[in-house]
Amino acid sequence: MSPRRPRIGVMGGTFDPVHHGHLVAASEAAARLDLDEVVFVPTGRPWLKHHKTVTSSEHRYLMTVIATASNPQFTVSRVDVDRPGVTYTVDTLRELRLERPDADLYFITGADAIEQILTWKDADKLWDMAHFVAVTRPGHHLSTEGLPADGVTMLEVPALAISSSDCRRRAGAGLPVWYLVPDGVVQYIAKHGLYRGLSDE
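Parameters and conventions
Residues numbered from 1 in each chain as written. Predicted model: local features only at pLDDT ≥ 70, side-chain atom pairs only at ≥ 80, totals over all residues. Heavy atoms only, no water. Axes fitted to C-alpha atoms, helices over the stretch in contact; angles between N-to-C directions. Helix = DSSP H or I, 4+ residues; strand = E, 2+ residues; numbered from the N terminus. Parallel < 35°, antiparallel > 145°, perpendicular 65-115°, else oblique. Left-handed = near helix turned anticlockwise from the far one by under 90°. Contact = heavy atoms within 4.5 Å. Nonpolar A, V, L, I, M, F, W, Y, C, P; charged D, E, K, R; others polar. Core = buried A, V, L, I, M, F, W, Y, C linked by side-chain atoms within 4.5 Å. Buried < 20%, exposed > 50% of the residue type's maximum accessible area, 1.4 Å probe, protein only.

K.L.:
Which parts of the structure should I look at to understand the packing of helix H2 (residues 57-68) against helix H8 (residues 183-192)?
P.N.:
Two packed helices can be described by the angle between their axes and the distance between those axes. Put simply, H2 and H8 touch, their axes get as near as 8 Å, and they point 150° apart. One element, H2, and the other, H8, form an angle in the roughly antiparallel class. When the axes of H2 and H8 are compared, the crossing they make is right-handed. Residue-level inspection shows His-59, Leu-62, Met-63, Ile-66 and Ala-67 of H2 in contact with H8, the latter providing Gly-184, Val-185, Tyr-188, Ile-189 and His-192. Here the contact of H2 with H8 is composed, by residue class, of seven nonpolar, three polar and no charged.

Written out as structure tokens, the structure reads:
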């Protein structure tokens, strides 16, 4: 009997900032899908947010490293941060498959993103590159119309009621973000003055 192929979760996101909802989603996906590792991949220049101001990729990468450091099952990849140009999921998965040709990839992202997946670059190629895991708040109905029946796994995560946009607004208004984001990320935001004076988006 051949050995089981490693199962690697790929947690894609802007992580501006990374918060406890992201960490709980990754942990829940790892437990439910028997993943060996979850790689967090902060986007470089997210194509879906080209019209919005996004914190520098280096700040977002470092916050993600801080947030995941205490969990030996979590790692952080620079593939999107270091690749020039706009970030597309198809390029992310292509690079990770080259790095880990022996592994099965499970791309973990929000259900709202999955609902838009057919508009993504080379969407038809994505299903052969990874299995998709749609994490959602309890009660959110995901429309799977047009998606492969066996291509997406749904995962309800209560902590996803936390949102990065709310964390940014709170930090910008001088309100606390303790317990919404990891302690080290709270301190990083304060040290670097991130989101200061940020108006509502």
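K.L.:
I keep staring at the nonpolar core and nothing clicks. Help me out?
P.N.:
Among soluble globular proteins, nonpolar side chains are generally buried collectively. Counting residues in each nonpolar core, the largest one holds 33 residues, and the members touching the most others are Met-11, Leu-35, Val-38, Phe-40, Met-63, Ile-108 and Val-135. When residues of this core are traced back to their parent elements, those giving at least two are helix H1 (20-33), strand E2 (37-42), H2, strand E4 (104-110), strand E5 (131-136), helix H7 (164-172) and H8. Phe-40 has contacts with Met-11, Phe-15, His-22, Leu-23, Ala-26, Thr-64, Thr-68, Phe-74, Thr-75, Val-76 and Ser-77, leaving out every residue within four places of it along the chain. Judged by nonpolar contacts, the second largest core, of 24 residues, contains Ile-8, Ile-117, Leu-126 and Val-152.

K.L.:
When you look at helix H4 (residues 89-99) in this model, what are you seeing that I'm missing?
P.N.:
For an α-helix, 3.6 residues make a turn, and residues three or four places apart therefore share a direction. Within H4, the full set of buried residues consists of Thr-89, Val-90, Asp-91, Thr-92, Leu-93 and Leu-96. The secondary structure elements touched by the buried residues of H4 are strand E1 (7-13), E2, helix H3 (79-82), E4, helix H6 (123-129) and E5.

K.L.:
Quick question: what am I supposed to make of unusual backbone geometry here?
P.N.:
The phi angle of most residues is negative, glycine excepted, and most peptide bonds adopt the trans form. For the peptide bond that leads from Asp-16 to Pro-17, omega is 0°, which places it in the cis range. Tracing the chain through its elements places Pro-17 in the loop between E1 and H1. In this model, Tyr-179 sits at a positive phi of 75°, which is unusual for a non-glycine residue. Within the secondary structure, Tyr-179 is located in the loop between H7 and H8.

Interpretation in functional terms is not warranted from these geometric data alone.
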